[in-house]
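Structural overview
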Amino acid sequence: MFGIASEKLTRRLRYLSFKAMLRQEAGYFDDERHGTGALTAQLATEAEDVNKVGSLVIPSFITALAAIAAGVAIGFASDWRLTLIVIGCLPFMVLSEYAQAKASEGTAHGVSKAHQESGKAAAETIASIKTVASLTREHTFIAIFNEANSSPHAEAMRSVYVTGISYGLSQAANLLIYALVFYAGSRFIIKDMVSTEDLFRVMFALMFSAYSLGMLAQNASNYSNGVVSATKIYNLIERQPVIDGTNDTDGQAPEKFFGNVELRDVEFAYPIRPNAKILKGVSFDAKAGQTVALVGGSGSGKSTTIALIQRLYDVLAGSTVVENIDVRDWNIRQLRDSMSIVSQEPILFGMSIEENILYGKPGATHQEIEQAAKDANIYDFIRNLPDGFATAVGQKGGQLSGGQKQRIAIARAMIRNPKLLLLDEATSALDSKSERVVQEVLDKAKQGRTTITIAHRLSTIQDSDVIIVFQRGAICEQGTHDELLQRNGVYAELVRQQSLEVTH
Ligand SMILES: Nc1ncnc2c1ncn2[C@@H]1O[C@H](COP(=O)(O)OP(=O)(O)OP(=O)(O)O)[C@@H](O)[C@H]1O
């Protein structure tokens, strides 16, 4: 009964903590202390700790209480002197069981923590197997894994000694206590103070009580682990995120969305590095239907700007305004639903092509899915696959080429028919042939919507209505391609550098 109840509670806690994780704002995950690895490990193990309280600690507490009551009653009904002697010895027996449990539990914890470290090294290597193989660095990573494994090995060796010695000591203590009680009992029998039956009755009744108390003592450590884990889980569940991506009730949304975006004197620093200003007074407009390009050196704050438009973070000062509403006043789900983003690394889920596209617009008809695939110029490819739209893409889309993945990601973005399209270097991870195909798709996709695009290849954004040039977190120039060339400033220099790269 307790087992069933605690299993149900564990499932609920897992559900609530996963839901809580999805509610947290992006900055929460940037913080290494709350890295995804730590949180998912928390999800897996801490609910289990709480489970043990219900399935082990509570039942063993009730069993121990019942066994002690019965043992003491039987003992006193048989012989009170022997009963008092055995009761006097009980704390020592319980203590020795507890010490043994504590020692082996402590070392087991150390071993499993050490194994987690080496497991992390192994998982990271396997996940990057192609890079490891192409760098021919297999031996390096085998050595790293071996090194990471030496700590669990040392821990395990320590555990063997500690567990062995503490087990031996606790068994010796128990046997000593038995010997003492039998010695006292036999003296009583010789003196005719007690019968042999009574001696064995008292012994067995109270020994079973001691055994159940020992079990309780062993499980008591699970109780403290359970409390610590429950506190962590509840802290996560009860944390009120500043930006709650699952909240679909609060906030407002405009009646009609045209795709107007406005940044006003935006100052920003990432929560993990609050003193490093990333954006310093950034202001620009993207009017409905315009194509606005963000260009500039690496690390100048372009992707950060896109993240602020999606309200993955909050600005420190100034405001990000979408359709005349500050993003902080928008309903966060409606804000994000009203735009689509295509980024450099297309992220597909390990499901079918159809399911992946459907994530853009749950409930879309098959016709809409096909149309989105046509818009993304991937329809013919999908139709020629043996399983068509039902083809599984593999984990992270691993069974597709970069260009195919990107076009499916574009289909997922286009199925929403977004009025605001954000493109964060959507073609820069592709080879030149795929890049051309995807660029054509994107050029078509820009029609009839506001597009904010980050591009390194300046030739792809020359026709933009406005080009915004970022330099170290601030805008240094903005205008059309021709205006900026005439100005002969940073943009013109970037164009010169790229044409030099092309001609060389
Ligand atoms: N999650 C984060 N936490 C802390 N700092 C970050 C985070 N993401 C980016 N940064 C830092 O913010 C700065 C701006 O990064 P951002 O990605 O916006 O630049 P970018 O102009 O898009 O660069 P690139 O063209 O290389 O993609 C960089 O210095 C980067 O190290």
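Residues numbered from 1 in each chain as written. Predicted model: local features only at pLDDT ≥ 70, side-chain atom pairs only at ≥ 80, totals over all residues.

1. Digging into the overall build of the protein chain
- Helix and strand counts for the protein chain come out as 16 helices and 10 strands.
- Taken against the 2.2 N^0.38 rule, which gives 23 Å for 504 residues, the C-alpha radius of gyration of the protein chain at 33 Å runs more than 25% over that of a compact globule.
- Taking the principal axes of its C-alpha atoms as reference, the protein chain extends roughly 115 × 55 × 55 Å.
- When each of the 504 residues of the protein chain is scored for burial, the buried share is 32%.
- Within the protein chain, contacts between residues separated by at least 24 positions form 79% of all contacts whose residues are at least 6 apart in sequence. (Helix = DSSP H or I, 4+ residues; strand = E, 2+ residues; numbered from the N terminus. Rg over C-alpha atoms; globule rule 2.2 N^0.38 Å. Buried ≥ 20, exposed ≤ 12 C-beta atoms within 10 Å, placed from the backbone. Contact = placed C-beta atoms within 7 Å.)

2. Re the domain arrangement of the protein chain
- Parsing the protein chain into structural domains produces domain 1 (2–238) and domain 2 (261–503).
- Computed from C-alpha atoms alone, the centre-to-centre distance between domain 1 and domain 2 is 51 Å.
- At the junction of the two partners, domain 1 supplies four residues and domain 2 supplies five residues.
- Within the side of domain 1 that touches domain 2, the residues separate by chemical class into one nonpolar, one polar and two charged. (Domains from an automatic or database assignment. Nonpolar A, V, L, I, M, F, W, Y, C, P; charged D, E, K, R; others polar.)

3. With respect to the site of the ligand
- The environment of the ligand is formed by 13 residues, the closest being Y270, S298, K302, S303 and T304.
- Tallying contributions element by element places helix α8 (residues 302–309) first for the shell around the ligand, with three residues.
- Tallied by class, the residues present in the shell around the ligand amount to three nonpolar, seven polar and three charged. (Near = placed C-beta within 6 Å.)

4. Digging into the sheet that holds strand β6 (residues 339–343)
- Reading across the sheet, the six strands line up as β6-β7-β8-β3-β9-β10 and stay open at both edges, with mixed pairing between neighbours. The open sheet has two edge strands, β6 and β10 (474–479), and neither has a second partner. Averaged over all neighbouring strand pairs, the angle between strand axes comes to 15°, with direction disregarded. (Pairing = 2+ DSSP bridges. Axes fitted to C-alpha atoms, helices over the stretch in contact; angles between N-to-C directions.)

5. Re the confidence of the model for the protein chain
- This prediction gives the protein chain a mean pLDDT of 82; 91% of its residues lie at or above 70.
- Confidence estimates for the predicted assembly give a pTM of 0.74 and an ipTM of 0.97. (pLDDT = per-residue confidence, 0-100.)

6. Examining the environment of P271
- For P271, the position within the fold is in the loop between β1 (261–269) and β2 (277–286).
- Judged by C-beta crowding, with 15 C-beta atoms within 10 Å, P271 ranks as partly exposed.

7. A word on the sheet that holds β2
- Reading across from one edge, β2-β1-β4-β5 is the order of the four strands in this open sheet, with antiparallel pairing throughout. In the strand order of this sheet, the two ends are held by β2 and β5 (325–326), each with one partner.
- Bridge analysis of strand β4 (residues 317–322) against β5 gives two bridges, and the strand direction is antiparallel. Following the sheet pairing, V321 is matched in β5 by D326.

8. Regarding the packing of helix α13 (residues 402–414) against helix α14 (residues 432–445)
- Running from N to C, α13 and α14 cross one another at 10°; their axes reach a closest spacing of 9 Å. Classified by the angle between their axes, α13 and α14 sit roughly parallel to one another. Between α13, through G402, G403, Q406, R407, I410 and M414, and α14, the contact on the second element is made entirely by S434, V437, V438, V441 and A445.
- Here the residues of the contact of α13 with α14 sort into six nonpolar, four polar and one charged. (Parallel < 35°, antiparallel > 145°, perpendicular 65-115°, else oblique.)

9. Here's the deal with the environment of V57
- Tracing the sequence through the fold places V57 in helix α3 (residues 36–78).
- Note on V57: 22 C-beta atoms within 10 Å, which makes it buried.
- Spatially, the C-alpha atoms of V57 and N225 are 11 Å apart, while their sequence positions differ by 168 residues.
- With residues near it in sequence (within four places) discarded, V57 still touches K52, N219, N222, Y223 and G226.

10. Points about α14
- Given a rise of 1.5 Å per residue, 14 residues ought to cover 20 Å, and the 19 Å separating the end C-alpha atoms of α14 matches this to within 8%.
- If you check which residues of α14 are buried, you get V438, V441, L442 and A445. Down the axis of α14, the buried side of the element spans an arc of 95°, and every buried residue falls inside it. Within α14, the exposed residues directed more than 90 degrees away from the buried face are S432, K433 and E440.
- As for α14, its buried residues are in contact with α11 (366–375), α13 and β7 (420–424). (Expected span 1.5 Å × (residues − 1). Arc of directions from axis to C-beta.)

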